[in-house]
Amino acid sequence: MTSAAAAGTVELRGVAKSFDGQPILRPLDLTVAAGEFLALLGGSGCGKTTLLRIIAGLEVPDAGGVRIGGRDVTSAPPYERPVNMMFQSYAVFPHLDVAANIGYGLRAAGLKPAERLALVEWALALVRLEGLARRRPEQLSGGQRQRVALARCLVKKPAVLLLDEPMAALDRNLREEMQRELVRIQRDVGTTFILVTHDQDEAMSMADRVAVMEAGRIVQCGPPREVYERPANRFVARFVGRVNFLEGVVRESTSAGCRVACGPFEVRVAGAGAPSAGSACTLAIRPERVAVAAPPGAFLNELEGVLAATAYFGDFVRAEFRLADGSRFEATLAAGAPAAGGPSLAPGESVRLGFDADAVVVLGP
Amino acid sequence: MAAGARWRSFSLAGGFAFLYVPILWIIVYSFSAATVVGVWKGFSWRWYAGLLDNEDFRLAAERSLLLAVVAATLATALGTLAGYALARGPRVVGRRPLAVLLGVPLFVPEILVGFSLLLLFVALESVLGVPVGKGLVPLVAAHATLGLPVVASVVYARLAGTDRHYEEAALDLGARPPRVFLTVTLPLLRPALASGWMLAFTLSFDDVVTSSFLAGPSATTLPLFVYSSIRIGVTPEINAVGTLIVVTVAACVVIAMLRGRLAAQARLPPARDAGPQ
Ligand SMILES: Nc1ncnc2c1ncn2[C@@H]1O[C@H](COP(=O)(O)OP(=O)(O)OP(=O)(O)O)[C@@H](O)[C@H]1O
Ligand SMILES: [Mg+2]
């Protein structure tokens, strides 16, 4: 392992922060390996930006320690950390043109004008802003400013990059292009990325691991697939993707799975670690695991639902059903493919919904 | 209704007349050919032309300009540091009281400022053994004192209204605090510095009270020249001097106000997330 690669590890131990007596980050641990891509997801105001600011050195934690590349930097100033942060507000210097903005950090590092020029041009091309080098920030659109901010920290090629919603203002094509570029940079340069995003597709598709935050805590941190398929609690399940919840009481629990009574239905759940019989629990089922108008007996679990509405999304259709107890239940269908077993459905129709035992995740009560 | 409107315009006109008629009176009669003050005898530049030949006037005007420029520059340098420290310094307890204290010289009677500075410089004179008690050096110091709180409060207001993220981004990009101050804070402050300098210049340029304590015989400023001329007798020439002072000061105030307005409007890219981050 080279020292350059190890320089990018980020370790937070028991980091806590409060503002005006209000706890914003509860004691929190997080380790990001060198070269890893971590996506931070969480509701507005849950402390994502505060966490990045602590890593960048713009905020000193009330408790706990921060190590970067193995070095304790808890009280090191921002300019001594091998970290660059892209601000949620961009913070593009209004008195400097685009090229000077991007070159600012290189200049502070004492690079010669020729070296600066080459790097600035590389960064401009990377964010597709060639030809705008001499523009002033007030002559740029929001998305262009965002790309200047991105280029300004990419160009420093730091060991750790902190990106606070770096692509929120970009159109979809440009965003996907930038996402590919970022992933490429991460692979080529070996930079550690910590990216805050509200776009879960972005988080799922780019990140090696996803951390979901709620009220100053990291409630789950793991590979995207694990977070999606095995959410730790209701909050995570709802925050990452869409989900159906069923409330029930465990009837019988074995090492192979359990049976849960949910009102008039009984749901079979596969997998070990089910709660003991008699305890209340919440079941989570992803809509894409639900088959609509399933032939009888095709699935282990069957529910009866009345179609309430459908919404067309181009590549899929989301159908919303009402169960007997009035709760909502969603299923997604591939657009174009008629529901298995019959012609397209009309609202008000009663349909059989089927799903397998391994499609169900038991959450805490 | 109509009577109310008429009354309001009348009172407005009255207020403005009260403020501006004496000044206009001076300006108008500075162009009168008559040798007696307050008599109109046709338009003439003669009093202005006469001033050009008046050695005392020329020296006093030059001295006043030099003094105002140096004092305003000094006040701007020190006031900027003070305003910066208050707006961006550590959140010490008592920062608020400090901010108030900095503004106090604005309300202290000028005669006290002048008097206390005179005592200070006289005391310094005996300590240092250098004759600094009166003259241009103490005048510069005194006038900078007048301008400093004004500059500090303009700078403080501008910084308090400017996102810290710019400076934080610079720190994050590897710039040390002195570089951040020079390359980010100062450029962001430029409009505030310009208007602060103009106001400090004005305060110095038309100061009489403080100057009369500290000027001494060798450093007569323009306002002191006017003051002493009037004691001998009011001449139309004084009207011309007054007009020149009014024009200079008004130009400074107008520029300062325009810069201030521009500063407020200076288009900072809108922060997308207004909340603290
Ligand atoms: N300097 C500060 N002073 C007081 N409160 C603060 C400060 N900075 C952040 N907060 C508070 O801390 C909480 C978390 O803020 P933070 O900016 O970390 O949220 P976030 O997760 O980034 O939210 P968003 O997704 O909206 O950007 C918020 O309630 C915010 O009001
Ligand atoms: Mg944020």
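Residues numbered from 1 in each chain as written. Chains lettered and ligands numbered in written order. Predicted model: local features only at pLDDT ≥ 70, side-chain atom pairs only at ≥ 80, totals over all residues. Heavy atoms only, no water.

### Some words on the nonpolar core
Residues and elements named next belong to chain A.
Here comes step 1: Ile 102, Leu 163 and Val 210 are the most contacted members of the largest nonpolar core, which totals 46 residues.
Here comes step 2: Here Leu 163 is in contact with Leu 52, Met 86, Leu 150, Cys 153, Leu 182, Phe 193, Ile 194, Leu 195 and Val 196, once residues within four sequence places are set aside.
Here comes step 3: Ranked by size, the runner-up nonpolar core spans 44 residues in total, among them Leu 38, Leu 51, Ala 159 and Ala 211. (Core = buried A, V, L, I, M, F, W, Y, C linked by side-chain atoms within 4.5 Å. Buried < 20%, exposed > 50% of the residue type's maximum accessible area, 1.4 Å probe, protein only. Contact = heavy atoms within 4.5 Å.)

### Observations regarding the interface of chain B and chain A
Here comes step 1: Listed by partner, the interface residues are 27 residues for chain B and 32 residues for chain A.
Here comes step 2: Together chain B and chain A conceal approximately 2600 Å² of surface at their shared face, both sides included; 59% is due to carbon and sulfur atoms.
Here comes step 3: Summed over the shared surface of chain B and chain A, the result is two salt bridges.
Here comes step 4: The partner of B:Glu168 in a salt bridge is A:Arg53, with the nearest N and O atoms 2.7 Å apart.
Here comes step 5: Run the count over chain B and chain A and you get seven residue pairs in polar contact (both at pLDDT 80 or more).
Here comes step 6: Contributing elements (two or more residues each) for the side of chain B that touches chain A: helix 7 (165-172) and helix 8 (177-205) of chain B.
Here comes step 7: The residue inventory of the side of chain B that touches chain A, partitioned by class, reads 15 nonpolar, four polar and eight charged. (Buried area = accessible area lost by both parts, 1.4 Å probe. Salt bridge = Lys/Arg side-chain N within 4 Å of Asp/Glu carboxyl O. Polar contact = N/O pair within 3.5 Å; in protein donor to acceptor, adjacent residues only side chain to side chain. Helix = DSSP H or I, 4+ residues; strand = E, 2+ residues; numbered from the N terminus. Nonpolar A, V, L, I, M, F, W, Y, C, P; charged D, E, K, R; others polar.)

### Overview of the site of ligand 1
Here comes step 1: Around ligand 1, a shell composed of 16 residues is seen, among which A:Ser44, A:Gly45, A:Lys48, A:Thr49 and A:Thr50 lie nearest.
Here comes step 2: The residues that come close to ligand 1 belong to more than one chain, namely chains A and B.
Here comes step 3: Between A:Gly45 and ligand 1, the recorded distance is 2.7 Å, taken from a backbone N or O atom to an oxygen atom.
Here comes step 4: Measuring from an oxygen atom of ligand 1, one finds a side-chain N or O atom of A:His198 at 3.1 Å.
Here comes step 5: When ligand 1 sits alone it has 640 Å² of accessible area, and the protein chains cover 75% of it.
Here comes step 6: When residues in the shell around ligand 1 are grouped by element, the largest group, three residues, is from helix 2 (residues 48-56) of chain A.
Here comes step 7: Among the residues making up the shell around ligand 1, the classes are represented as four nonpolar, eight polar and four charged. (Near = heavy atom within 4 Å. Areas by Shrake-Rupley, 256 points an atom, 1.4 Å probe, with all protein chains shown as cover.)

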